[in-house]
Amino acid sequence: MDTAPPRDSGQLNFRDATDADVPALVTLIESAYRGDSSRAGWTTEADILDGQRTDPDGVRQVVEASGSRLLVVERDGEPIACCQLEHRGEAAYFGMFAVRPELQGGGLGKIIIAEAERTVRESWGATEMHMTVISVREELIAWYERRGYRRTGKLTPFPYGDERFGIPQRDDLAFELLIKDLNV
């Protein structure tokens, strides 16, 4: 199901991912978080994690899961960003957010997160958006705080030893839950 782009998004198209999108989305997500290519943007995790960020099976699971959507953001028919939306009762979960590194820092992320919030409010009646961010990513957490998300202090251990999530370069990684009230 296509969703209408916000008025200020220019030539962006938002749509749900299909199985055919999986290879391109894996490449996009990896480029935004891992390896030297990710250093072109500001969301890189290359200094704290090696290895993969995701794989085709992980992306396909999000695409096919009930109550889940993987929103693809396209410009001129090319995927330039994506985010996972998952229905969790009165809340929605926001994850797997990736923007091409060379396009980061230009306001695209603000447009995408606003569209994701609008989508979960209208599609599922969600009153809160939840996400988890690696707790040592202070700059990224500050970016979300400027968008109305608040830190909860609730931490979940990083899955050390499970290379599907990367190879940690430090021993103090955990995920912190951030929440935004969508009724404000």
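The sections below set out a description of the structure shown in this document.

Reading guide: rules and limits
Residues numbered from 1 in each chain as written. Predicted model: local features only at pLDDT ≥ 70, side-chain atom pairs only at ≥ 80, totals over all residues. Heavy atoms only, no water. Phe/Tyr/Trp six-rings, centres within 6.5 Å; stacked < 30°, edge-to-face > 60°. Buried < 20%, exposed > 50% of the residue type's maximum accessible area, 1.4 Å probe, protein only. Lys NZ or Arg CZ within 6 Å of the ring centre and 35° of its normal. Helix = DSSP H or I, 4+ residues; strand = E, 2+ residues; numbered from the N terminus. Polar contact = N/O pair within 3.5 Å; in protein donor to acceptor, adjacent residues only side chain to side chain. Contact = heavy atoms within 4.5 Å. Salt bridge = Lys/Arg side-chain N within 4 Å of Asp/Glu carboxyl O.

Before going further, it helps to spend a moment on the packing of aromatic side chains. Applying the stated criterion across every chain yields a total of 5 aromatic pairs. Judged by centre distance (5.0 Å) and plane angle (65 degrees), the ring pair of F94 and F97 falls under edge-to-face. Both residues of the pair, F94 and F97, count as buried. Their ring planes at 75 degrees and their centres at 5.9 Å tell us that Y144 and Y149 sit as a pair that is edge-to-face. Members of the aromatic cluster, each reached through a chain of ring pairs, are W143, Y144 and Y149. Lying over the aromatic face of Y33, R53 brings its terminal NZ or CZ to 4.0 Å of the ring centre.

As a further point, take the side chain of S31. Within the secondary structure, S31 sits in helix α1 (residues 22–33). We classify S31 as buried; its relative accessible area is 17%. In terms of polar contacts, S31 uses its side chain to reach the backbone carbonyl oxygen of L28, at 2.8 Å. Setting aside residues up to four positions removed in sequence, S31 forms contacts with S37, S38 and P101.

Let's shift gears to the pattern of salt bridges. Under the defined criterion, the tally for this structure stands at 17 salt bridges. A salt bridge links R53 to E45, with the shortest nitrogen-to-oxygen separation between them at 3.3 Å. Given the relative accessible area of 5%, E45 is considered buried. Note that E115 is salt-bridged to R118, the shortest N-O span being 2.7 Å. You can see E115 and its partner R118 sitting in helix α3 (residues 108–124), 3 residues apart, about one turn around the helix. You can call R118 partly exposed: its relative accessible area is 22%. Residues joined in a network through salt bridges with shared partners are R34, E45, R53 and R137.

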